[in-house]
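# Analysis of the macromolecular model
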Amino acid sequence: MDSVKVAVRVRPFSQREKDAGSRCMISMNSSCTSIYDPKHPKNRKTFKFDLAYWSHSGFVKTRNGMLVADSPSSRYADQKKIFNDIGRSLLDNAWQGYNATLLAYGQTGSGKSYTVIGYGANQGLIPMICKELFNTINNNQDRNRQYQVSYSMLEIYNEQIKGLLSKTKQPGGLKLREDQQTGFYVEGLKCVPCENYAQIESLMVQGTKMRTTAATNMNSTSSRSHMVITIQFKQIFLDEKISKQSNITLVDLAGSERQKSSGSEGDRLREGTSVNLSLATLGNVISALAEAATGKKVLHIPYRDSVLTKLLQSALGGNSRTVMIAALSPADICYEETLSSLRYAERAKKIRNKAIVNESPTEKIVKELKAENARLLSKLSRLGNSEKQMEDEAKDLQRLVAENELQIQAVQTFWEERLKEAQNEWEEQCAAITQERHMIQLFPYIVNVNEDPQLSGVVKYFIQKGVCKVGQDPSCSPSIILKGLGIMNQHATFTNLDGIVTLEPSDQAKVYVNGTLLITKVRLKHSDRIIFGSNSTYLYTGFPCERLADIDLAHFDYDFFQSEMATAEGFGIEKMGAVNSQSGSSNPSVLAVFHDYIKIMPLVKEANQMSKELRKDLKFEIEVKNLAISDSRGHDLEKEIIVKVTNQVTSQVWVWSKAKFINRKFLMEELYQHYLDGECTRVDKEYDPFWDPVEAICLGSAHVWLQPLAYCIKVEEQVEFLNWEGKVEAVLQIHLNPCSCTGQHFGEDDIVIDPTEMLDKRSDFQIEISQCLGVRWLQYIKDRGVQIGYCVYDHPCKFYTDPVWNNQKPKFNHKLHFTVLNVSQDYLNYLQTSALVVELWGLQEGCNDLIWSSQDIKVTDKGSIIIDSKRRTLSSHCNLATSDSQICELYLKLSKLEQETEFLREVNTALKEENTYLKNSQKKFNTTRNESAGSKKEYKMSKVKASSGSTPVSFLPKDQSQKDAQGTSCDAQFAKALKVFYQSMTIVQGQLLRLRRHRPPEDDNLKTLQLFTEEQSQMFKEFGKQLDACVCRLKADVSTIVKKKRESMSNGKS
Ligand SMILES: Nc1ncnc2c1ncn2[C@@H]1O[C@H](COP(=O)(O)OP(=O)(O)OP(=O)(O)O)[C@@H](O)[C@H]1O
Ligand SMILES: [Mg+2]
């Protein structure tokens, strides 16, 4: 029994990760690999694997581009180290006659292809294994030994197998067949005999070209397909008349994050893609095998659930010595995915295989095959031809006979014959390569740039002298045939005349040069970036004399194309504020949104084109959502990319998260592939990636600041609903009324001066929503409605008004009464610092109204809704903290906070005492001065205070006649001043929010920019004025009150 050997390798940071200020969350020592949770760094998980490679740091680039350790003490694992450990062990097994398999697993961009194939000077395992294999073969002096090496290369995309070495395309892909002895194999897969490493190298180039063409035609990335390379190695021992055969299989799996498509949990179709299916099945197979290896009874290993697992059957739990290498991304943003890769690898460690030496006498094979054929033929003759149901069986038998014949032939045909055939093809290939090298020295050309760096720079088109048309079907010669989304039959024309190359788009065709849409003919310069159609990206290389050494073409990678395009479309990195133009420092969170934007932007273009061609009527638009709109403190929090989807016929609108869109885009590609293959694209709507049930849409939100409620001051507001671009969607009329438990509104007399007075008492208020004005959602389009929703404090339920349909000025008559049974400090903080975030929801034809379930709601005996039933407790906070030390820390903090609170309470009591003293002296003064004053004063809240044993605190007298009295209490005046202050502060806060969301225009037009700047400075001016006025008024009011108080005190003393 052989265990699957598992290795892990962590790569360096990518430029993107460096820009975003990423931290490395992987550490390795000997064979232990640990991962830290970036949100809870003390949370560390450690794994033990057979091999662990640190390729994250401690390296330098040599002059020829190789990455090597930067010092003798560096632990950097370069490509050679991986080959010496893993490659050599695979080769040793092959020499012994065992099948050997390598699986590279990991998320997109984690370094699978780097390890398996390699980049440039940093060759990966396949080239190094092949080189070494031929080295050993060539050194062999034994005439009694012969060696045969053949090479095959296939790709599994969309559950179809594509041979990468044959020029003819099989519709629906190659078929998988099952052999009783050897298991599954690919019928008709081209397997090319090779005599030396150079031939293998050229086959690899040929295969990558095929892969690239397929990917560029489809606009899919290779990250979505699995690539399987098999080196068949046969040793023939002439004297012993036996042969040993080994298959070395190297699998570069598709990016693993697709299987979870993290973040798209909400999508009903998240499990639907084929990549998900095959990687998920691979996971299930590994789990089942791991369980079986630990002695559990496992009845079924689901190999047959996907093409990939069928092909890998012998590698997993079968006749193979297998190594899995899990490629890891080091950055904190990849934590979830990296952890899941580590867990995947951990399970794979448990699998046990039964590898055997594939040794057999040659004649014996032929004899066995012939016997098998005789048996099949006799069975076939017994069947007869008449019965219809027998037909299928007969067909199957005939096919098996034919296959056996082929195998007999293959064994008997001389290896030399097959070699000769291959040799001819190889010569053709060599001639083509020489021709290409020659052309490079003569003509300008365009070369493909792919999202997967492995596929970039693979396909070249030369622009020879004269006119050269570009398109799906330019139907003239010379021409460049480009497939791909949004490319028209006759898309553009290159002209190469007098040492000048120009490019001209055809009518209606989209061609972008350096990010700008071409309207007319342009002259091309060396290193110009060209995008044809939706997203077919090519780099232009000029005449040899233009190719300056100081331009590094590698700089113009896929990301460069996309960020250039984003900038040209008014969405530049500076405009978003990702980089501070003065200090040059970058803002990682904004940078992350910018990177998301450039990742999604081309996908949105492709989705639009697919929607058009498949007649789905959907329009996709990328938008940046400012999360401040849903934050109760209105802070300028992070931003997030969303995709707005509009049905252009029905005007129905959907909003998709980034993750949901990516998931759907993959499914669209799969559907579109069927369309390209001429298959039926009609799908039930439940499986249609373009379809979703109609839902209510959140149009925007308004912030109603709650501070006045902390003082029992009523809030009467007209607030604007702003959408995530900061534009006004509607105006809302809303009232928040502090009230008694029976619902009687409080008046000015009930104002509280010190909100802490409310602590531990009951407090009630009502939310009244009367109407909305100027709702944009309802303009021009019929059968639409609106609803308003909001959350209060930390109550889990969202409350909604009743829906109103087809009314431009919807009236709601919504009134809810809320009760806080025990005002806590937390609740007071909430009132003082937060806003009620009120959301405006758009209803559309076919969607359900938004409802709130009264089940989760606790009410008082009078029917008001209790909102502090789920008060935050220390224990609930502690759930997050897992370690003892964290709990200790929290306790320390808590007790410190309690001490501070105690101190503040003491200060408060002292102030209150002074206040009472002042009031008593004022009362005395009033009684002596005002004869008429005799009525008993009633203090509403003081009763409660009295019962708690401390000195009664004055609240405003209820008796109206008292207010008119000359000696109106200072408290009342103070309360009034506060009310005015908070009301005007609400306006100021609104203005601040508007300022924060005020964004520069998207186009680069100087005039509009000027207008924007003027507007902005006007807004700042107004904001400043309002703030000044607010503070001045408060200052004036307070000083008047203090003055009056002093006067009255001095009068009292005198
Ligand atoms: N060990 C390494 N050292 C240096 N660079 C690396 C290493 N591993 C990966 N890279 C770089 O990281 C990038 C992504 O690597 P690679 O193409 O191998 O990812 P992948 O796992 O194959 O992704 P996909 O699933 O998209 O095919 C490449 O630019 C590659 O050069
Ligand atoms: Mg790859």
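As the structure is a computational prediction, the values presented were derived from the model and not from experiment.

### Describing the overall build of the chain
In terms of regular secondary structure, the chain is built from 22 helices and 45 strands. Burial analysis of the chain (1054 residues in total) assigns 48% to the buried set. Intrachain contacts of the chain at a sequence separation of at least 6 include 68% that bridge at least 24 residues. Working note: accessible area of the chain is about 52900 Å², and carbon and sulfur atoms make up 51% of it.

### Some words on unusual backbone geometry
Although it is not a glycine, Arg615 sits at a positive phi angle of roughly 55°. By the secondary structure assignment, Arg615 is in the loop between helix H14 (588-613) and strand E33 (618-626). For Asn813, which is not glycine, the phi dihedral falls at a positive 50°. Along the polypeptide, Asn813 turns up in strand E43 (residues 811-820).

### Details of the sheet that holds strand E26 (residues 492-497)
Spatially, the 5 strands line up as an open sheet ordered E25-E24-E26-E27-E30, and their pairing is mixed. The open sheet terminates on both sides in strands that have one partner only, identified here as strand E25 (479-481) and strand E30 (522-523). Note: E26 against strand E27 (residues 500-505), 6 bridges, orientation antiparallel. In the sheet register, Thr493 faces E27, and the bridge partner there is Glu504.

### Some details on the pairing of strand E2 (residues 5-10)
Within E2, 5 of the 6 residues are buried, which leaves the element mostly enclosed by the surrounding structure. Where E2 and strand E19 (residues 321-328) come together, 6 bridges link them in parallel fashion. Bridging across to E19, Arg9 finds its partner in Ala327. Pairing between E2 and strand E6 (residues 51-54): 4 bridges, direction parallel. Note that in E6 the partner of Ala7 across the bridge is Leu51.

### A closer look at a negative patch on the surface
On the surface, a cluster of negative charge is made up of Asp142, Asp239, Glu240 and Glu359. You can see Glu359 is positioned in strand E21 (residues 359-361).

### Regarding the sheet that holds strand E32 (residues 536-541)
Taken in spatial order, the 6 strands make up an open sheet running E23-E22-E32-E31-E28-E29, and their pairing is antiparallel. Of all strands in the sheet, those with a lone pairing partner are strand E23 (460-462) and strand E29 (516-517), marking the two edges. Where strand E28 (residues 511-513) and strand E31 (residues 529-532) come together, 3 bridges link them in antiparallel fashion. Opposite Val513, over in E31, you have Ile530 as the bridge partner. Of the strands in this sheet, strand E22 (445-448) and E23 touch helix H12 (residues 415-440), which is tilted by about 60° from E23. This element, helix H13 (residues 558-568), spans E28, E29, E31 and E32 of the sheet and lies at about 80° to E31.

### Digging into the packing of helix H2 (residues 79-96) against helix H4 (residues 125-138)
Contact geometry for H2 and H4: axes closest at 9 Å, N-to-C directions at 55°. Relative to H4, the element H2 lies oblique. Between H2 and H4 lies a crossing whose hand is right-handed. Between H2 and H4, the residues in contact are Gln79, Lys80, Ile82, Phe83, Ile86, Gly87, Arg88, Leu90, Leu91 and Trp95 and Leu125, Met128, Ile129, Glu132, Leu133, Thr136 and Ile137, respectively.

### As for the nonpolar core
Among the nonpolar cores identified, the biggest contains 63 residues, and Ile734, Ile767, Val792, Phe818 and Leu836 are the most heavily contacted of them. If one sorts the elements of this core by residue count, helix H21 (residues 970-997) sits on top with 7 residues. Not counting the four nearest positions on each side in its chain, Ile734 is found in contact with Val704, Val715, Glu716, Glu717, Val719, Ile767, Glu768, Ile769, Leu836 and Val838.

### So, the packing of aromatic side chains
What describes a pair of aromatic rings is the distance from one ring centre to the other and the angle between the planes of the rings. The tally for this structure, following the rule as stated, stands at 24 aromatic pairs. Here Phe59 and Tyr76 contribute two aromatic rings whose centre-to-centre distance is 4.9 Å and whose plane-to-plane angle is 35°, an arrangement assigned as tilted. Residue Phe59 is found in strand E7 (residues 59-61), and its partner Tyr76 is found in the loop between strand E8 (67-69) and H2; the two are separated by 17 residues along the sequence. Where Phe620 meets Phe690, the ring centres are 6.5 Å apart and the plane angle is 55°; that geometry is what we call tilted. Taken as a pair, Phe620 in strand E33 and Phe690 in the loop between helix H15 (658-676) and strand E36 (697-705) lie far apart in primary sequence, 70 residues in all. Under the relative-accessibility criterion, Phe690 is labelled buried at 7%.

### Looking at the side chain of Asn373
When you line up the elements, Asn373 lands in helix H10 (residues 362-383). Asn373 gets classed as buried once you look at its relative accessible area, which sits at 4%. Setting aside chain neighbours within four positions, we find Asn373 in contact with Leu400, Val401, Asn404, Glu405 and Ile408.

### Focus: the pattern of salt bridges
Charged atoms that come close allow side chains of opposite charge to pair. The tally for this structure, following the rule as stated, stands at 28 salt bridges. With a closest N to O distance of 3.0 Å, Lys714 and Glu716 form a salt bridge. The class of Lys714 is partly exposed, set by a relative accessible area of 29%. Given a relative accessible area of 48%, Glu716 falls into the partly exposed group.

### What about H15?
Under the 1.5 Å per step criterion, the end-to-end length of H15 is 26 Å for 19 residues, consistent within 8% with the ideal 27 Å. Burial analysis of H15 places 15 of its 19 residues in the buried class, which makes it a mostly covered element. Backbone geometry just after H15 places Gly678 at a positive phi near 75°.

### Quick look at the state of the cysteines
A full pass over the atoms with the stated rule returns 0 disulfides. Unpaired in terms of disulfides, Cys130 finds its nearest cysteine sulfur in Cys194, a separation of 8.1 Å. Cys191 takes part in no disulfide bond, and the closest cysteine sulfur, belonging to Cys194, lies 8.4 Å away. You can call Cys191 partly exposed: its relative accessible area is 22%.

Parameters at a glance
Throughout, residues of each chain are indexed from 1 in the direction in which the sequence is written. Chain letters start at A and ligand numbers start at 1, both assigned in the order the entries are written. In keeping with the model being predicted, local features are shown solely for residues with a pLDDT of at least 70 and side-chain atom pairs are shown and tallied solely at 80 or more, while totals for entire chains, interfaces and linings include all residues. Processing note: side-chain calculations cover all non-hydrogen atoms of the structure and skip hydrogens and water entirely. Every helix listed is a DSSP run of H or I at least four residues long, and every strand listed is a run of E at least two residues long, numbered separately from the N terminus. Accessible area is worked out with a 1.4 Å probe on protein chains only. A residue is then buried under 20% of its type maximum, exposed over 50%, and partly exposed in between. Throughout, a residue-residue contact means that at least one pair of heavy atoms, one from each residue, lies within 4.5 Å. Note on areas: Shrake-Rupley, 1.4 Å probe, and residue coverage restricted to the protein chains presented here. Pairing between two strands is assigned when DSSP locates at least 2 bridges connecting them. What goes into a patch is any residue over 30% in relative accessible area without a salt bridge, connected to like charges within 9 Å or, for nonpolar side chains (Val, Leu, Ile, Met, Phe, Trp, Tyr), within 5 Å. Whenever a carboxyl oxygen of Asp or Glu lies within 4 Å of a side-chain nitrogen of Lys or Arg, that contact is scored as a salt bridge. His is not counted here, nor are the chain ends, while Lys and Arg score as positive and Asp and Glu score as negative. Charge positions come from single atoms, namely NZ of Lys, CZ of Arg, CG of Asp or CD of Glu. Every axis in this analysis is a line fitted to C-alpha atoms, fitted for helices over the stretch in contact. Angles between the N-to-C directions lie between 0 and 180 degrees. With respect to orientation, any angle under 35 degrees is reported as roughly parallel, any angle over 145 as roughly antiparallel, any angle of 65 to 115 as roughly perpendicular, and every other angle as oblique. By definition, turning the near helix anticlockwise from the far helix through less than a right angle yields a left-handed crossing, and turning it clockwise yields a right-handed one. What is meant by a nonpolar core is a set of buried Ala, Val, Leu, Ile, Met, Phe, Trp, Tyr and Cys residues, joined one to another through side-chain atoms within 4.5 Å. Stacked, tilted and edge-to-face are the three classes assigned to paired rings of Phe, Tyr and Trp, where Trp is represented by its six-membered ring and a pair needs centres within 6.5 Å; plane angles under 30 degrees give stacked, over 60 edge-to-face, the rest tilted. In a helix, the anticipated span is given by 1.5 Å times the number of residues less one. Only a pair of cysteine sulfur atoms within 2.5 Å qualifies as a disulfide here.

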